[in-house]
Amino acid sequence: MSGATLLKESGPREVFCGLTSIVWLHRRMPDAFFLVVGSRTCAHLIQSAAGVMIFAEPRFGTAILEERDLAGLADAHDELNRVVKNLLARRPEIKTLFLVGSCPSEVIKIDLSRVAENLNIELKGQVTVLNYSGSGIETTFTQGEDGALKALIPLMPKSDQKKLLLVGTLANAVEDRLTSIFNRLGIDKVESFPPRQSTELPSIGPETKVLLTQPYLTDTARELKNKGAEIIEAPFPLGVTGSTLWIQAAANSFGIEKSLVDSILNPLISRAKQALMPHVEKLSGKKLFLLPESQLEIPLARFLSNECGMEIVEIGTPYLNRDLMKAEIDLLPPDCRIVEGQHVEKQLDRVRDSSPDLVVCGMGLANPLEAEGISTKWSIEMVFSPIHGIDQASDLAELFSRPLRRHDILNPKTLTSN
Amino acid sequence: MELTLWTYEGPPHIGAMRIATSMKKLHYVLHAPQGDTYADLLFTMIERRGSRPPVTYTTFQARDLGGDTAELVKGHIKEAVDRFNPEALLVGESCTAELIQDQPGSLAKGMGFDIPIVSLELPAYSKKENWGGSETFYQIVRNLLKDKSEESKQAWQEEKRRPRVNLLGPTLLGFRCRDDILEIQKLLGQHGIDVNVVAPLGASPADIIRIPDADVNVCLYPEIAESTCIWLERNLNMPFTTTVPLGVGATQDFLRELHEVLGMEIPQSVNESNNSKLTWYSNSVDSNYLTGKRVFIFGDGTHALAAARIANEELGFKVVGLGTYSREMARKVRPAAKALGLEALITNDYLEVEEAIKETSPELVLGTQMERHSAKRLGIPCAVISTPMHVQDVPARYSPQMGWEGANVIFDDWVHPLMMGLEEHLIGMFKHDFEFVDGHQSHLGHLGGKGTENINQGVKTTISNDSTNTSSDPIWTHEGERELSKIPFFVRGKVRRNTENYARQAGCREINEETLYDAKAHYKA
């Protein structure tokens with residue numbers, strides 16, 4: 001590892017729980033429904049994180065535990081059975097139902113795998129019922145996707161076909177673009193997991209080479225490895241460098257000639273660097289503080305420091321998987337401070353002391369920091385925006401330069417730096 | 001177990017947070033797992049608050065559950081008190097912590113702080129947000145005032161000073177509370193009545209202790225303040241007003257009630273018709289078209305009740321549906337609905353509300369953000385009158401609902417989504433001109449309520465004539481359809497439906513020109 005300083009901190013946290021990932025997972029797989037088994041808090045969380053109430057009937061909901069479910073008056077398993085059947089009767093288009101565990105369901109130990117198993121027997125394959133936990137006592141924000149994908153792995157058919165499997169939710173347009181680049185490199189069979197339809201799961205076997213698109217898929221990567229797949233080690237496809245190394249790692253693994261790779265990627269790289277320039281101008285020399293939330297903090301810091309010239313004050317990360325992050329940490333500038341875990345009060349003290357130009361943080365903290373005159377960027381935007389790949393590097397940079405640009409427009413007097 | 005897709009109210013600890021965040025110099029230690037911290041964004045995003053809620057979450061994790069979570073709680077409490085130095089401390093738990101029974105309130109009380117500790121027990125599996133807010137406010141007031149002895153009230157005359165009241169109930173994430181209290185303060189000022197304490201919004205624990213210095217409590221939002229007002233009446237002999245000044249009539253009633261309770265003479269100005277522009281605007285000729293507009297009302301108890309009165313008495317609408325998501329307020333909403341010849345809709349299920357809207361085919365929906373979305377889907381104009389809050393419900397401009405200015409705002413907000421009277425007449429007058437096509441509609445009239453499905457009626461008729469007709473469905477003849485097309489598009493759907501109902505009742509198999517007129521006469525009769 002490079003000279004990055006790794007620290008740990010504990011205390012009050014300010015992060016979403018794994019249930020939040022339902023907000024993008026349900027859009028990725030429109031034939032799936034996510035049923036949280038939890039409390040009114042869970043329902044309120046997802047609705048607040050989703051931010052909008054635009055769907056007539058969203059493809060997620062909550063089976064809210066009530067007093068009598070806790071008191072044992074009603075067998076919670078029977079109750080859940082009843083709720084699921086009502087739901088499926090109303091929503092016949094659902095092909096896969098995820099029962100999602102929550103803090104209360106984990107604490108009172110509702111056995112969702114047993115409920116899923118019984119329902120699968122009863123439903124005879126009309127609907128596949130799966131379960132995973134998105135509880136805040138076990139998972140942080142994006143880890144929910146890790147749980148959902150892991151739950152799908154046992155359903156993946158076996159195959160000896162040589163292929164590249166992109167793992168982690170990507171925006172559809174980005175997925176198409178990356179696939180076409182791999183095709184041009186001569187990798188013909190490129191599949192994605194999660195798929196766009198929950199019923200069209202890719203197959204897996206010893207000839208499957210997995211390229212992770214997201215850094216938060218610890219369990220999924222391990223399970224895929226157990227299925228015989230090879231996990232290609234690479235940094236994550238954020239920014240020009242990260243994306244290039246990521247594509248090159250796959251190309252190497254498929255034994256593709258370097259000259260071919262260069263001939264295809266070089267034009268993209270120079271075009272992307274060109275597009276990046278106005279943002280680099282804005283971001284260069286600016287101080288960046290990343291609070292822990294999405295788990296994308298380390299790759300983002302690597303991109304913003306190495307390619308945009310930002311000065312990293314601190315990288316917060318909810319948890320640190322040293323194996324998955326190794327390639328990323330190796331690329332970080334020396335003496336970068338990475339803090340795993342959080343004590344939100346102490347961390348905010350450090351934010352104020354370091355007077356950064358930009359803070360990447362959750363939605364709860366953004367306006368309070370803005371009110372103190374500190375520009376912010378919501379980390380949740382990174383999981384909704386098409387930011388992966390060489391071609392997207394300038395769009396990714398724009399997410400960070402825009403708040404600074406805006407700050408300068410609205411506060412012309414402070415236009416002293418640069 | 002209850003299946004929920006969208007909810008009107010959060011869990012009760014969100015209500016507690018609303019109180020804590022509304023107040024000053026108060027801190028709330030919430031025993032809760034990570035993830036529950038999402039609640040901060042309700043305040044910082046929806047209300048655009050520039051400060052974090054004064055809440056410390058213990059954010060315990062699964063690995064803590066094997067160990068001593070009580071010690072963890074105590075650590076957070078100590079740190080919070082040291083760091084924030086509050087005048088009083090709220091201690092409570094969210095749904096998950098309730099299950100592990102650490103009793104953080106008792107733990108805090110045993111830690112020897114010299115500030116009041118208010119321990120909150122908010123049953124997360126049976127109660128909801130407004131109940132939690134009400135209970136929290138009540139516990140704060142009771143704890144801070146429990147040693148006050150009963151004082152003789154109504155002392156303003158003896159003390160030769162102006163009468164003073166407290167305004168109780170406004171909170172953050174409450175509908176337009178920020179502006180309502182300014183409007184009510186202005187109104188009371190005009191009548192020589194001073195405001196002693198506004199709480200919870202903007203009050204510190206020290207202010208709560210000053211509550212008994214007032215002569216009367218004004219219960220502005222019963223959902224939050226009623227239980228507190230009742231306790232203050234019983235224990236400190238402080239009377240309170242029960243009329244919520246939403247609308248012209250209710251504002252008049254409120255002023256009369258307050259003057260009476262204070263022992264003041266009711267000034268004649270209260271009854272004057274020019275206090276709010278709503279009265280004249282509603283009497284002006286353009287408002288003729290408002291007569292009998294069918295309106296569906298759903299919201300929290302207080303705003304739904306007020307909306308029904310304003311719609312019925314002050315705007316001349318016809319209320320065709322009235323309901324609330326607040327079970328605590330059902331007791332008051334049921335008789336109000338009955339008085340309008342309706343059965344109150346008491347439900348948490350927004351899909352049930354949407355069904356009821358479809359069923360009654362109103363011309364205007366007054367509801368929450370949920371109903372706004374339902375109404376949008378159904379093509380019906382809608383104005384938002386109640387929580388749950390959306391960023392749009394926190395406008396930059398001064399926009400109260402209460403008092404005279406509140407009535408002005410209500411007139412504008414409810415009437416503007418409708419087509420204006422003159423506009424409606426002109427469209428009727430010119431609709432046969434060649435320039436006029438049905439696509440020419442006011443900005444909100446894209447779809448005509450129940451008539452949505454009838455816009456491409458030609459297509460629909462063809463289909464229905466083919467095969468899908470059941471024996472009971474009357475068939476429109478060409479003449480019938482032609483006559484129907486002469487009716488303005490915004491009522492066409494309703495006319496079609498009424499005519500079909502009439503035809504079924506009358507046993508007609510076909511609807512021709514004459515059936516249409518028969519039906520019209522039948523419904524007018």
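Here, the structure is the one placed above.
Our subject in this report is the structure included herewith. Quantities reported herein were computed from a predicted structural model and do not represent experimental measurements.

1. Side note on the overall build of chain A
Part 1 of the reasoning: Within chain A, the regular secondary structure consists of 17 helices and 14 strands.
Part 2 of the reasoning: For a compact globule of 418 residues, the expected C-alpha radius of gyration is about 22 Å, and chain A comes in at 22 Å, within 12% of that figure.
Part 3 of the reasoning: For chain A, the C-alpha atoms occupy an extent of roughly 65 × 50 × 40 Å along the three principal directions.
Part 4 of the reasoning: By the burial criterion, 62% of the 418 residues in chain A qualify as buried.
Part 5 of the reasoning: Taking the contacts inside chain A whose residues are at least 6 apart along the sequence as the reference set, 74% of them involve residues at least 24 apart.
Part 6 of the reasoning: Carbon and sulfur atoms provide 49% of the accessible area of chain A, an area that totals close to 15600 Å².
Part 7 of the reasoning: Placing the 45 positive and 53 negative side-chain charges of chain A at their respective mean positions leaves the two points 2 Å apart.

2. Regarding the nonpolar core
Part 1 of the reasoning: By size, the foremost hydrophobic cluster in this structure holds 258 residues, and its most contacted members are Phe182 of chain A together with Ile297 and Trp414 of chain B.
Part 2 of the reasoning: Ile297 of chain B has contacts with Ala304, Ala307, Ala308, Ala311, Val319, Gly321, Leu322, Gly323, Leu366 and Ile385 of chain B, leaving out every residue within four places of it along the chain.

3. Some words on the interface of chain B and chain A
Part 1 of the reasoning: On the side of chain A, 63 residues touch chain B, which itself brings 52 residues to the contact.
Part 2 of the reasoning: Here chain B meets chain A over a buried area of about 5200 Å², counting both sides, of which 61% is carbon and sulfur.
Part 3 of the reasoning: Considering only the surface of chain B that becomes buried against chain A, Met1, Trp6 and Tyr125 of chain B emerge as the three largest contributors, covering 19% of it.
Part 4 of the reasoning: In this structure, the connection of chain B to chain A is made through 3 salt bridges.
Part 5 of the reasoning: Its salt-bridge partner being Asp349 of chain A, residue Arg83 of chain B comes within 2.8 Å of it at the nearest N-O pair.
Part 6 of the reasoning: Between chain B and chain A we count 24 residue pairs in polar contact (both at pLDDT 80 or more) in total.
Part 7 of the reasoning: Contributions of two or more residues to the side of chain B that touches chain A are made by β1 (2-4), α1 (12-22), α2 (40-46), α3 (62-65), α4 (69-84), α5 (95-100), α15 (350-360) and α16 (369-378) of chain B.
Part 8 of the reasoning: At 5 residues, the largest contribution of residues to the side of chain B that touches chain A is made by α2 of chain B.
Part 9 of the reasoning: Residue composition of the side of chain B that touches chain A, grouped by class: 23 nonpolar, 17 polar and 12 charged.
Part 10 of the reasoning: Where strand β3 (residues 60-64) of chain A lies against β1 of chain B, 3 bridges are found, and the strand directions are antiparallel.

4. Structural notes on unusual backbone geometry
All names here are of chain B.
Part 1 of the reasoning: The amide bond that connects Ala199 to the next residue, Pro200, takes the cis arrangement and shows omega of 0°.
Part 2 of the reasoning: Looking at where Pro200 falls in the secondary structure, it is placed in the loop between β7 (194-199) and α9 (205-209).
Part 3 of the reasoning: Going from Thr387 to Pro388, the amide bond is cis rather than trans, its omega being 5°.
Part 4 of the reasoning: Assignment of secondary structure puts Pro388 in the loop between β14 (382-384) and α17 (403-415).
Part 5 of the reasoning: Even without a glycine there, the phi angle at Asn237 is positive, about 60°.
Part 6 of the reasoning: Within the element layout of this structure, Asn237 appears in the loop between α10 (222-236) and β9 (240-241).
Part 7 of the reasoning: Owing to a relative accessible area of 36%, Asn237 belongs among the partly exposed residues under this scheme.

5. Quick look at the sheet that holds strand β6 (residues 164-168) of chain B
Residue and element names in this part refer to chain B.
Part 1 of the reasoning: Taken in spatial order, the 4 strands make up an open sheet running β7-β6-β8-β9, and their pairing is parallel. What marks the edges here is a single partner per strand, and that holds for β7 and β9.
Part 2 of the reasoning: Taken together, the 2 bridges between strand β8 (residues 216-219) and β9 define a ladder with parallel strand orientation. The residue bridging Val218 from the neighbouring strand is Thr241, located in β9.

6. Things to note about the packing of helix α12 (residues 297-306) of chain A against helix α13 (residues 322-331) of chain A
Two measures define how a pair of helices packs: the angle their axes make with one another and the distance between the axes.
Residues and elements named next belong to chain A.
Part 1 of the reasoning: At a minimum axis distance of 9 Å, the contact between α12 and α13 shows a crossing angle of 20°. Here α12 is positioned roughly parallel relative to α13, judged by the angle of their axes. Judged by the twist between their axes, the crossing of α12 over α13 is left-handed. Touching Ile298, Pro299, Arg302 and Asn306 of α12 are Met325, Glu328, Ile329 and Leu331, all from α13.
Part 2 of the reasoning: Residue composition of the contact of α12 with α13, by class: 5 nonpolar, 1 polar and 2 charged.

7. Here we look at the pairing of strand β10 (residues 287-290) of chain A
Residue and element names in this part refer to chain A.
Part 1 of the reasoning: Bridge count between β10 and strand β11 (residues 311-317): 4 bridges; the pairing is parallel. When the sheet's bridge partners are listed, Leu288 is paired in β11 with Ile312.
Part 2 of the reasoning: With α12 bridging β10 and the parallel β11, this β-α-β connection has right-handed handedness.
Part 3 of the reasoning: Both β10 and strand β13 (residues 358-361) contribute to a ladder of 3 bridges, which runs parallel. By the bridge assignment, Leu288 is partnered in β13 with Leu358.

8. Observations concerning the sheet that holds strand β4 (residues 96-101) of chain A
Part 1 of the reasoning: Reading across from one edge, β5(A)-β4(A)-β2(A)-β3(A)-β1(B) is the order of the 5 strands in this open sheet, with mixed pairing throughout. Strand pairing shows two members of the sheet lacking a second neighbour, β5 (128-133) of chain A together with β1 of chain B, which therefore form its edges. Averaged over neighbouring strand pairs, the angle between their axes works out to 25° when direction is ignored.
Part 2 of the reasoning: Sheet topology note: the β4 of chain A/β5 of chain A ladder contains 6 bridges and is parallel. Opposite Phe98 of chain A, over in β5 of chain A, you have Leu130 of chain A as the bridge partner.

9. Looking at the packing of aromatic side chains
Part 1 of the reasoning: Enumeration according to the criterion identifies 11 aromatic pairs over all chains in this entry.
Part 2 of the reasoning: Taking 5.5 Å as the distance between ring centres and 50° as the angle between the ring planes, the aromatic pair formed by Tyr8 of chain B and Phe298 of chain B counts as tilted. Within this pair, whereas Tyr8 of chain B is found in the loop between β1 and α1, its partner Phe298 of chain B is found in strand β10 (residues 294-299), the two being separated by 290 residues in sequence. Both residues of the pair, Tyr8 of chain B and Phe298 of chain B, count as buried.
Part 3 of the reasoning: Taking the centre distance of 5.4 Å and the plane angle of 85° together, the rings of Tyr281 of chain B and Phe411 of chain B count as edge-to-face. Separated by 130 residues along the polypeptide, Tyr281 of chain B in helix α12 (residues 277-283) and Phe411 of chain B in helix α17 bring together distant segments of the chain.
Part 4 of the reasoning: Look at Tyr281 of chain B and you get partly exposed, because its relative accessible area is 38%.
Part 5 of the reasoning: The buried category is assigned to Phe411 of chain B, whose relative accessible area is 7%.
Part 6 of the reasoning: Taking NZ or CZ as reference, Lys209 of chain A lies 5.7 Å from the ring centre of Phe254 of chain A, over its face.

The rules behind these values
Every chain is numbered independently, its residues counted from 1 as its sequence is written. Chains and ligands are labelled sequentially in the order written, the chains with letters from A and the ligands with numbers from 1. Restriction of local features to residues with pLDDT of at least 70 applies here, the model being predicted, together with a cutoff of 80 or more for giving and counting side-chain atom pairs; totals for whole chains, interfaces and linings are based on all residues. Hydrogens and water are ignored here; the side-chain numbers use all heavy atoms of the structure. Put simply, DSSP marks the helices as runs of H or I at least four residues long and the strands as runs of E at least two long, and each gets a number from the N terminus on. With the radius of gyration taken over C-alpha atoms, the globule rule is written as 2.2 Å times the number of residues to the power 0.38. Here the term buried applies to any residue with accessible area under 20% of the maximum for its type, exposed to any over 50%, and partly exposed to those in between, with areas from a 1.4 Å probe on protein chains only. Any two residues having at least one pair of non-hydrogen atoms within 4.5 Å are treated as being in contact. Surface accessibility in these figures is a Shrake-Rupley result with a 1.4 Å probe; residues are shielded only by whichever protein chains are displayed. Residues counted as positive are Lys and Arg, residues counted as negative are Asp and Glu, and His and the chain ends are not counted. Charged groups are reduced to one reference atom each: NZ for lysine, CZ for arginine, CG for aspartic acid, CD for glutamic acid. To form a nonpolar core, buried Ala, Val, Leu, Ile, Met, Phe, Trp, Tyr and Cys residues must be joined to one another through side-chain atoms within 4.5 Å. We define buried area as the total accessible area lost by two parts upon association, computed with a 1.4 Å probe and summed across both. In the sections that follow, a salt bridge refers to a side-chain nitrogen of Lys or Arg positioned within 4 Å of a carboxyl oxygen of Asp or Glu. Any pair of N or O atoms that falls within 3.5 Å is considered a polar contact. Within protein, one atom must be able to donate a hydrogen and the other to accept it, and sequence-neighbouring residues count only if both atoms are side-chain atoms. Classification used: nonpolar for Ala, Val, Leu, Ile, Met, Phe, Trp, Tyr, Cys and Pro, charged for Asp, Glu, Lys and Arg, polar for all others including Gly. When DSSP locates at least two bridges between a pair of strands, those strands are taken to pair. To obtain each axis, a line is fitted to C-alpha atoms, and for helices this fit is confined to the stretch in contact; angles are then taken between N-to-C directions over 0 to 180 degrees. An angle below 35 degrees is read as roughly parallel, one above 145 as roughly antiparallel, one from 65 to 115 as roughly perpendicular, and any other as oblique. By convention the crossing between two helices is left-handed if the near helix lies anticlockwise of the far one by an angle smaller than a right angle, and right-handed if it lies clockwise. Assignment of crossover handedness uses the view with strands pointing away from the viewer, where a clockwise path from the first strand over the helix to the second indicates a right-handed crossover. For this analysis, a ring pair means two rings from Phe, Tyr or Trp (six-membered ring only for Trp) whose centres lie within 6.5 Å, classed as stacked if their planes differ by under 30 degrees, edge-to-face if by over 60, and tilted for the remaining angles. Geometrically, a lysine NZ or arginine CZ counts as sitting over a ring once it is within 6 Å of the ring centre and also within 35 degrees of the ring normal.

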